[in-house]
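Analysis of the macromolecular model
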Amino acid sequence: MQQRKKQCERSNVKEKMRRKYMARNKSRDAAKLGGKPSSDLTQQQKKNIPASRDSGPRDSESADRKHSVGDDEAAMLSRKKLVTAREKTVDARESASKARENTVLVREDAAQTREEETNSREDIAAKREDAMQSTQTELQLKSPEHTAMLQEANTRLVVATLAAQRQTEQIEKVRVELQHLAHHDALTNLPNRVLLRDRLSQAIEAAHRQGQQLGVMFMDIDRFKKINDSLGHAVGDQLLQSLAKRLLTSVRGSDTVSRQGGDEFVLLLPLIESPDGVELSAKKILTALAHPHNIAGHALHITFSIGIAIYPDDGEDAETLLKHADMAMFYAKESGRNNYKFFEQEMIGRAVELQSIEASLHLALERNEFLLHYQPKIDLHSGAIVGVEALIRWQHPQRGLLLPGHFMSIAEDCGLILPIGRWVLREACLQAAAWMNSGLPAIIVAVNTSALEFRSEEFLEHIRATLKTTGFDPHLLEIELTESVLMRDVESTNSVLHSLSDMGIRLAIDDFGTGYSSLSYLRRFPINTLKIDQCFVNQLNANPDDATIVQAVISLGKSLHQRVIAEGVETQEQYEFLLAKNCDEGQGYYFGFPMAPQSLAALLKAGGSLIPASD
């Protein structure tokens, strides 16, 4: 309100000044026009005109007077125009004056606004100064505490910086470790298949540029599964680590030893002069691995089967070389293991044949192509048949009668061993029951059981169901298990074995002496029979060590009140040795080949001894 009142007063003063200014301008203009009005001038002129006495002179004077009046009127008209022009000029000046006054007012308003803003800023600055003074006062009051807080914050910053640096170093270390794990086997720390393929591809390029050869060895541990089954995976892992170290000491520094997985290893030998160098390396490896590995108190004797492929003769790319070396390794196993084989083109046909066998196996059960033959077991003292072992055969529609060695390992690899094993048990029980129902003497029927069957959750229930549906006496059924099956998960094995024994089923350890069984477990397990493996029987007359082992097993069985059967008896000398050592039973070609059910029934019906007459 106070400001508004001041503005009104300023406006009134300005208006008064404007009016005075306009009045002064009008007075100035009138003075310029002569100071008297035009009507006065006419009267004066009239006084100056003399009275004429006659018309002649009067007409002349009248004309002069008219001419003078015309001039006066023109002058008056000119003065009016001048006055009008001056009035317009005055109006223009008034307009300009008003514009200047408006400009002045606007400037005054702007100045007032700036003044108000300046005042506001001064107030804000004053408040800030007060706040700063207040803060400074507080800081002065709290200076020790604030210093301590700053020191603590600085300490935390340093600690955080060091922690971030350590974390960065750890992340880098983990990245390097992950990169290493991506290209190396976690168990043996050997290059894995990814790194091997990379190195093999590079070696092939180098050999191609230099016109040289390279070698690839595919190596597989013989019977490694038995070690895992009997001693457990922990021992198996330690054995793999020991093998890896021994392989590294048997090769050149430029060679690459890789673990492909499981018990498979691959050796890359770049830039060789000839295949002879690869053959020497294979022999050196087999010799180095022949020494026992001391693992968890066990002296493990391990052998390798090795397949060899040569670039460029056996393949010009990594995939082909590895495949052909794998084929050659398979042939090394078929040739008796613990040896090496070079790849040959004929092996491709064999691999195709194996694939065909696997495909046919899936249909064999549906088509009833399997059958059983029975090999007699005799009492070595009387020669009488006391039992038989059921042995599977495959009547292949194209290949004829195939023995187990041609297809059982394939069945195990492709997962068909379980249904085939169950078929064998059921068929053997049905046949033995049929012999008894026909009046033939009761004999013990032995059936081999695989590890997969024995570890199956339905194993016991399936045996119970089979005995029930076939009506076969469980006391006449004998389950044969290898040492490797028994020694895996001993507590579980002991429980299953006692359940079988409680059912009245007899139990036998097959291929005894080739595994890693413990004598204490033999005492704990309800075993009825020990079967001496044929590898010892075959050489007992030629190898004194094998004869000693056979005699020891017989003595062990006698001391544990178990019957002892010798497998693979093929000669009279072997029979006589076993008889002299008081072995209970024998089985082998010397007494009889595996035969069809009808042929065995004829032998049972005939009775008598199967021991051939001595010369």
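Read on for a plain summary of the structure. What you are looking at is a predicted structure, and each value in this text was computed from that prediction instead of being measured. Residue indices follow the written sequence of each chain, beginning from 1 at its first position. Given that this is a predicted model, residues contribute local features only at a pLDDT of at least 70 and side-chain atom pairs are listed and counted only at 80 or more, while totals for whole chains, interfaces and linings are drawn from all residues. With hydrogens and water set aside, each side-chain value is computed from the structure's full complement of heavy atoms.

**Let's talk about the overall build of the protein chain**
- Numbering goes from the N terminus for both helices and strands, where a helix is a DSSP run of H or I of at least four residues and a strand is a run of E of at least two. When its secondary structure is counted, the protein chain shows 21 helices and 16 strands.
- Working definition: with a 1.4 Å probe on protein chains only, accessible area under 20% of the residue-type maximum means buried, over 50% means exposed, and in between means partly exposed. Burial status across the protein chain gives 38% buried among its 615 residues.
- Expressed as a percentage of contacts within the protein chain between residues at least 6 apart in sequence, the contacts between residues at least 24 apart total 68%.
- Total accessible area computed for the protein chain in this model is approximately 35,500 Å², and 52% of it derives from carbon and sulfur atoms. Only heavy atoms enter the contact rule, under which two residues are in contact if any of them lie within 4.5 Å. Note that accessible areas follow from Shrake-Rupley with a 1.4 Å probe, and for residues the cover is restricted to the protein chains shown.

**Examining the sheet that holds strand β1 (residues 213-221)**
- In this scheme, strands are said to pair when DSSP sees at least two bridges between them. Judged by pairing direction, the sheet is mixed, and its five strands sit side by side in the order β2-β3-β1-β6-β7 without closing on themselves. Either end of the sheet is taken by a strand with one partner, and the two such strands are β2 (256-261) and β7 (340-342). When the angles between neighbouring strand axes are averaged without regard to direction, this sheet yields 20°.
- Pairing analysis gives three bridges linking strand β6 (residues 304-311) to β7, with the strands arranged parallel. Counterpart to Gly307 in the pairing with β7 is Lys341.
- Helix axes are fitted only over the stretch in contact, all axes being lines through C-alpha atoms; the angle between N-to-C directions runs from 0 to 180 degrees. On top of the sheet, helix α8 (residues 275-289) reaches β1, β3 (264-272), β6 and β7; it is set at about 165° to β6, its chief contact.

**A look at a nonpolar patch on the surface**
- Exposure above 30% relative accessible area and the absence of a salt bridge qualify a residue for a patch, where like charges join within 9 Å and nonpolar side chains (Val, Leu, Ile, Met, Phe, Trp, Tyr) within 5 Å. What makes a salt bridge here is a side-chain nitrogen of Lys or Arg within 4 Å of a carboxyl oxygen of Asp or Glu, nothing more. Taken together, the side chains of Val174, Leu178 and Leu181 make up a nonpolar region of the molecular surface, amounting to roughly 270 Å² of accessible area.
- By the element assignment, Leu181 lies in helix α4 (residues 143-183).
- Look at Leu181 and you get partly exposed, because its relative accessible area is 49%.

**Some thoughts on the nonpolar core**
- With 82 residues, the main nonpolar core has Leu361, Trp435, Ile463, Phe472, Leu477, Leu500 and Leu578 as its most contacted residues.
- Element by element, the count of residues in this core is highest for helix α12 (residues 417-437), at eight residues.
- Not counting the four nearest positions on each side in its chain, Leu361 is found in contact with Phe370, Trp394, Phe407, Ile410, Ala411, Leu416 and Ile420.
- Formed by 32 residues, the second largest nonpolar core is a distinct cluster that contains Val235, Leu239, Leu286 and Leu300. Working definition of a nonpolar core: buried Ala, Val, Leu, Ile, Met, Phe, Trp, Tyr and Cys residues. They are joined through side-chain atoms within 4.5 Å.

**Describing the pairing of strand β8 (residues 370-379)**
- Burial of β8 is extensive: nine of the 10 residues sit out of reach of the surface.
- By the bridge criterion, nine bridges tie β8 to strand β9 (residues 385-396) in an arrangement that is antiparallel. Across the sheet, Tyr374 pairs through a bridge with Ala390, a residue of β9.
- Between the antiparallel neighbours β8 and β9 lie five residues, among them Gly383 with a positive phi of about 80°.
- With two bridges joining them, β8 and strand β16 (residues 585-587) adopt antiparallel strand pairing. From the neighbouring strand, Ile378 faces β16, where its bridge partner is Gly586.

**As for the pairing of strand β15 (residues 563-567)**
- With four of its five residues buried, β15 lies for the most part within the structure.
- Note that strand β14 (residues 529-532) and β15 share four bridges and pair parallel. Note that in β15 the partner of Leu530 across the bridge is Val564.
- Here three bridges tie β15 to β16, and the two strands are oriented parallel to one another. What sits directly across from Ala566, in β16, is Gly586.
- You can see the chain leave β15, run along helix α20 (residues 572-580) and come back into β16, and the turn it takes is right-handed. By the criterion used throughout, a crossover qualifies as right-handed when its path from the first strand across the helix to the second strand runs clockwise, the strands pointing away from the viewer.

**Some words on helix α16 (residues 490-502)**
- Between its terminal C-alpha atoms α16 stretches 18 Å, which fits the 18 Å expected from 13 residues at 1.5 Å a residue.
- Along α16, the positions that sit buried rather than exposed are Val490, Thr493, Asn494, Val496, Leu497 and Leu500.
- Considering only its buried residues, α16 is in contact with α13 (451-455), α14 (459-470), β12 (477-482), α15 (483-486), β13 (506-512) and α17 (519-524).
- Looking one or two residues past α16, Gly504 carries a phi angle of roughly 100°, positive in sign. Expected span, for any helix, means 1.5 Å times one less than how many residues it has.

**Details of the packing of helix α6 (residues 224-231) against helix α7 (residues 233-248)**
- Taken N-terminus to C-terminus, the directions of α6 and α7 make an angle of 140°; their axes are 7 Å apart at the nearest point. As far as their axial angle goes, α7 and α6 are oblique. Counting all contacts with α6, which are made through Phe224, Ile227, Asn228 and Leu231, the residues of α7 involved are His233, Val235, Gly236, Leu239 and Leu240.
- The class makeup of the residues in the contact of α6 with α7 is six nonpolar, three polar and no charged. Here the angle decides the label: under 35 degrees means roughly parallel, over 145 means roughly antiparallel, 65 to 115 means roughly perpendicular, and every other value means oblique. Each residue is assigned to one class: nonpolar for Ala, Val, Leu, Ile, Met, Phe, Trp, Tyr, Cys and Pro, charged for Asp, Glu, Lys and Arg, and polar for all the others, Gly among them.

**Quick word on the side chain of Gln375**
- In this fold, Gln375 is placed in strand β8.
- Assessed through its relative accessible area of 7%, Gln375 is described here as buried.
- In this structure, Gln375 is in contact with Gly387, Val388, Glu389, Leu391, Gln587, Gly588, Tyr589, Gly592, Phe593 and Pro594, ignoring residues within four places of it in sequence.

**A look at the pattern of salt bridges**
- Scanning the entire structure with this criterion turns up 20 salt bridges.
- Close ionic contact of Arg367 with Glu369 constitutes a salt bridge, the shortest N to O distance being 3.8 Å.
- In this structure, Lys377 engages Glu478 in a salt bridge whose closest nitrogen and oxygen atoms are separated by 3.2 Å. Placement of the pair is Lys377 in strand β8 and Glu478 in strand β12, with a sequence separation of 101 residues.
- Given the relative accessible area of 3%, Glu478 is considered buried.
- Through salt bridges with shared partners, a single ionic network connects Lys377, Glu389, Glu478, Glu480, Arg506, Lys531 and Glu567.

**Some words on unusual backbone geometry**
- The step from Tyr311 to Pro312 runs through a cis peptide bond, and the omega angle for that step is 5°.
- Positionally, Pro312 belongs in the loop between β6 and α9 (318-334).
- A positive phi angle, near 55°, is found at Asn338, a position not held by glycine.
- Structurally, Asn338 is set in the loop between α9 and β7.
- The class for Asn338 is partly exposed, based on a relative accessible area of 41%.
- Within the chain, Asp511 stands out as a residue other than glycine whose phi angle is a positive 55°.
- Topologically, Asp511 is positioned in strand β13.

**Brief notes about the side chain of Asp379**
- Along the polypeptide, Asp379 turns up in strand β8.
- Charged residues are defined here as Lys and Arg on the positive side and Asp and Glu on the negative side; His and the ends of the chain fall outside this count. In this structure, Asp379 is buried with no salt-bridge partner, the nearest side chain bearing the opposite charge being Arg563 at 4.5 Å.
- In the analysis that follows, any N or O atom pair within 3.5 Å is treated as a polar contact, provided that within protein one partner can donate a hydrogen and the other can accept it, and provided that, for residues neighboring in sequence, both atoms belong to side chains. At 3.3 Å, the side chain of Asp379 forms a polar contact with the backbone nitrogen of Ser382.
- Ignoring anything within four residues of it in the chain, the contact list for Asp379 reads Ala384, Val386, Asp584 and Ile611.

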